[in-house]
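Structural overview for review
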Amino acid sequence: MNTQPNGKPVTAKVGALNGIVVLEVGMVMQVPLACQVLGDLGADVIKIERPQGDITRGLDFEATRVGGMSSYYAAMGRNKRLLSLDLKNPVAKEILLRLVDKADVLLHNFRPGVMERLGLGYAELSARNPGLVYAAGFGFGETGPLADRPGQDMLAQAFSGMARGGLEENDPPHLTNSPIVDYGAAMSLVQGVLAALIERQTSGRGQVVSTCLYDVALAMQLCEIASESIYGTKTNWIKQSIFFKTFDGWVSVVMLFRDNPLGLMCNALGLPDISMRPELSTLSGQVEHLSVVKAHCEDAIAALTTEEVVRKLSEVDLLCMPVNEIADAIAQEQTAHNGIMWDVEVPGRGTVPLVGLPVRLSRTPPGVRIHPAPIGAANDEVLSSFGFSVEAIAEARGKKAFG
């Protein structure tokens, strides 16, 4: 079992949000990840899943090939009780409404207007439960000229300018492979939900919490936007770093936060110090002539192992780190020490290390209470815990409420 730095297991029966009931009516990443975080923190998360399953269950082609659970679903499927409902079925809708009556939070990421057409908008649900926190994640906004556009991480990267960040005018756009906008949007929803829950302690009333991928993508570029707005200049962080090929891998060197990084590098590698040249005598000059810096140092670095390069450059306090593959990063001693990888049981695959919550709480640590499960795995359990009789559950099943 994985442990935290204090030696305690990450598996926890009670978390900081113990007693909070969360209904997840969402798919893919934005809302499912937000709900997993709330579940990690101890909330009772009930995933309302369509009978054919969350979209992520079918996105992992390798899992489909071998007949296993999608790795992408497993990554966001822990700490949830799964209830399969066909919300177009009036019996299923009535079941959800009864759950809403006792819930603290509902999150969804349907397009604008969909929940309202289902009779599940905030106006309808808050009339039943005035204390309900109603959270929604959109693509480009709930209203406005692009509100109806489908929301997707890579589209948000493209439209927000993020895909042009750090590139020259004629360079093709570049996307970040990891869905960082989806991740940021999920964390923003969590932030809003927690704020609304705290405010509810005073007012006794819920409220609407919302965000969208587009706004999050812009917010993630706060420094770049500030430089454009204030001085009309483009910030290029990428231009201030170099990747060097070593004897057995790669190393990343960042030219920031040091007055003369080139001089430090020359000193560390035993090379002639060319930082006294007029065009290289300032940090801005070294960044502007990064190709010269790279050409001067690359042969010496190529003859050394990655470990040797990092040691030599670190000794002169130059910012540098090895470039890892994901598998290398997972295997790092620091990764184990931080306890960021949690042991999660995936159906058919046994216990595997998956990324946990990168936040620690000393008294009520987050952890794994419920492992990812098949569609509708907790149908009877969930409905029983909300007061449905055995007969009522059987009747709902007979009327195809679960699909």
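It should be noted that the structure appears before, not after, this text.
Residues numbered from 1 in each chain as written. Predicted model: local features only at pLDDT ≥ 70, side-chain atom pairs only at ≥ 80, totals over all residues. Heavy atoms only, no water.

**A look at the sheet that holds strand β7 (residues 241-245)**
- Sheet architecture is open: three strands sit in the order β7-β8-β9, paired in antiparallel fashion. Strand pairing shows two members of the sheet lacking a second neighbour, β7 and β9 (319-322), which therefore form its edges. Pairs of neighbouring strands in the sheet enclose a mean axial angle of 20°, with direction left out of account.
- Looking at chain direction, strand β8 (residues 250-254) and β9 are connected through four bridges and run antiparallel. For V253, the partnering residue across the bridge sits in β9 and is C320.
- Strands β7 and β8 of the sheet are contacted by helix α13 (residues 290-302), whose axis makes an angle of about 30° with β7. (Pairing = 2+ DSSP bridges. Helix = DSSP H or I, 4+ residues; strand = E, 2+ residues; numbered from the N terminus. Axes fitted to C-alpha atoms, helices over the stretch in contact; angles between N-to-C directions. Contact = heavy atoms within 4.5 Å.)

**Considerations on the pairing of strand β10 (residues 341-346)**
- Note: β10 against strand β11 (residues 350-355), six bridges, orientation antiparallel. The partner of E345 across the bridge, within β11, is T351.
- Taking the residues between adjacent antiparallel strands as the criterion, β10 and β11 are bridged by three residues, where G348 takes a positive phi near 85°.

**Remarks on the sheet that holds strand β1 (residues 21-25)**
- Across the sheet, which stays open at both edges, the six strands sit in the order β3-β2-β1-β4-β5-β6 with parallel pairing between neighbours. Because the sheet does not close on itself, it has two edges, and the strands there are β3 (80-84) and β6 (208-212). For this sheet, the mean angle separating the axes of adjacent strands, direction not counted, is 20°.
- Summarising the sheet, strand β4 (residues 105-108) and strand β5 (residues 133-138) pair through four bridges and their orientation is parallel. Bridge assignment links V105 to a residue of β5, and that residue is V133.
- Against the sheet, helix α8 (residues 180-203) touches β4, β5 and β6, its axis set at about 165° to β6.

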